[in-house]
Amino acid sequence: MRTMEWQNGTVITIDQTKLPLETVTLKITTVSQMAEAIKNLRVRGAPLLGAAAAFGLALAAYHSKAGCTSELLAELEDAAQVLKSTRPTAVNLFWAADRVLAKAQGFSGSVEALKTLVIQEAQKIADEDAEANLAIGKNGAELISDGDTILTHCNAGELATVEYGTALSVIRAAWKQGKKIKVIATETRPLLQGARLTAYELKRDGIPVTLITDNMVGYVMHKHLVNKVIVGADRIVQDAVVNKIGTFTVAVLAYEHGVPFYVAAPKSTFDLAHTSADVIIEERNPTEVTHFGAHPVAAPGVGVLNPAFDITPLKYVSAIIHENGVYYKKDFPNFKTNTRV
Ligand code: MRU
């Protein structure tokens, strides 16, 4: 099932803030609704943010009353600015918005033809994401053995992508091959994507999953309760993988315990023109830390740090699974010279 779909001028998706207790369908028809959904994590996960940005531009095109192509183009540029100002870290959002915009900017023809072109390009981005994730599953399943217990952090599942997921696509593919695997999902404070979304997806699919709090990772590694880690990524730069806050801690623990640490991500998540020093780490609202859901748990007025992502140097990464294969440690030095992989 697709997490996000285009239906005649409406984007249909699920409000992920309500899962797993309620399944609420969102019907998005404007760029500002899409921007709100992204900011508030109703739609989230790097590959899905790419589709959201692309479909956001498709909404701008579809509902435009522009009388000429230059007017429509100006509207699309404004819409791209709005979408790009929502969340700074996942590169897929910028990549997709720029790809649709570049297609529009290179076009000469009627307003109607330009609208069609933008909508088609957005749909293509969504279709390519689904295909890439299926291939990631196939490529990554080779690294999974019968009997493995795999730890994953945050949600790199179907909900974080247009379809299948990245890290969870690997797990699903291995499970489908008949490998008897188990998953340990970290709850992923502060917004609990692991508890709310990953555990929900795996439970629904009948894949054995055990939920732990983030501070139990050291214990499960020390007790040899896990023998592989797979996570997704928000941006892969020349020297590091940027992913959900807490990923770096998991990676260092895996390294110390000789547990392979795999990253699964489509090419749209690679940003090899940059290094980790260039990446803007999103800082979110302090109430996400001072409150547990709607309930305050900290002294009023206490100082808070709330970075949504962290940076894992490639030293801690065993391999990166992508749609065309797997990059191993020996391939990582090439990231410095290839801006396109
Ligand atoms: O803040 P979120 O929920 O958008 O963060 C999501 C993650 O960090 C995921 O691990 C990442 O986007 C990869 S999803 C395939």
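The preceding data block contains the structure.
In this report, the structure presented in the accompanying data block is examined. (Residues numbered from 1 in each chain as written. Predicted model: local features only at pLDDT ≥ 70, side-chain atom pairs only at ≥ 80, totals over all residues. Heavy atoms only, no water.)

**With respect to the packing of aromatic side chains**
Scanning the model with the defined rule gives eight aromatic pairs in all. Where Trp 6 meets Phe 55, the ring centres are 6.0 Å apart and the plane angle is 15 degrees; that geometry is what we call stacked. Linking Trp 6 in strand 1 (residues 4-7) with Phe 55 in helix 2 (residues 46-62), this pair joins segments that are 49 residues apart in sequence. We note that Trp 6, like Phe 55, is buried. Taking the centre distance of 5.4 Å and the plane angle of 80 degrees together, the rings of Tyr 327 and Phe 335 count as edge-to-face. Comparing Tyr 327 with Phe 335, the two get one shared label, buried. Of the aromatic side chains, those joined through ring pairs into one cluster are Phe 270, Tyr 327, Phe 332 and Phe 335. A cation sits over an aromatic face here: Lys 244 above Phe 309, 4.4 Å from the ring centre. (Phe/Tyr/Trp six-rings, centres within 6.5 Å; stacked < 30°, edge-to-face > 60°. Helix = DSSP H or I, 4+ residues; strand = E, 2+ residues; numbered from the N terminus. Buried < 20%, exposed > 50% of the residue type's maximum accessible area, 1.4 Å probe, protein only. Lys NZ or Arg CZ within 6 Å of the ring centre and 35° of its normal.)

**Considerations on the packing of helix 2 against helix 5 (residues 111-141)**
Where helix 2 meets helix 5, the axes come as close as 8 Å, and the angle between the chain directions of the two elements is 165 degrees. By the angle between their axes, helix 2 is roughly antiparallel relative to helix 5. Two packed elements cross with a definite hand, and for helix 2 against helix 5 that hand is left-handed. For the pair helix 2 and helix 5, contact is made by Pro 47, Gly 50, Ala 54, Phe 55, Leu 57, Ala 58, Ala 61 and Tyr 62 and by Lys 115, Val 118, Ile 119, Ala 122, Gln 123, Ile 125, Ala 126 and Asp 129, respectively. For the contact of helix 2 with helix 5, the per-class residue count stands at twelve nonpolar, two polar and two charged. (Axes fitted to C-alpha atoms, helices over the stretch in contact; angles between N-to-C directions. Parallel < 35°, antiparallel > 145°, perpendicular 65-115°, else oblique. Left-handed = near helix turned anticlockwise from the far one by under 90°. Contact = heavy atoms within 4.5 Å. Nonpolar A, V, L, I, M, F, W, Y, C, P; charged D, E, K, R; others polar.)

**Let's talk about the pattern of salt bridges**
Taken as a whole and assessed by the stated rule, the structure comprises 20 salt bridges. Close ionic contact of Glu 121 with Arg 99 constitutes a salt bridge, the shortest N to O distance being 2.8 Å. Taken together, the residues Glu 121 in helix 5 and Arg 99 in helix 4 (residues 91-105) connect sequence positions 22 residues apart. Accessibility expressed as a relative area gives 7% for Glu 121, which makes it buried. With a shortest N-O distance of 2.8 Å, Glu 128 and Arg 99 are connected by a salt bridge. (Salt bridge = Lys/Arg side-chain N within 4 Å of Asp/Glu carboxyl O.)

Coordinates in, geometry out; function isn't part of it.
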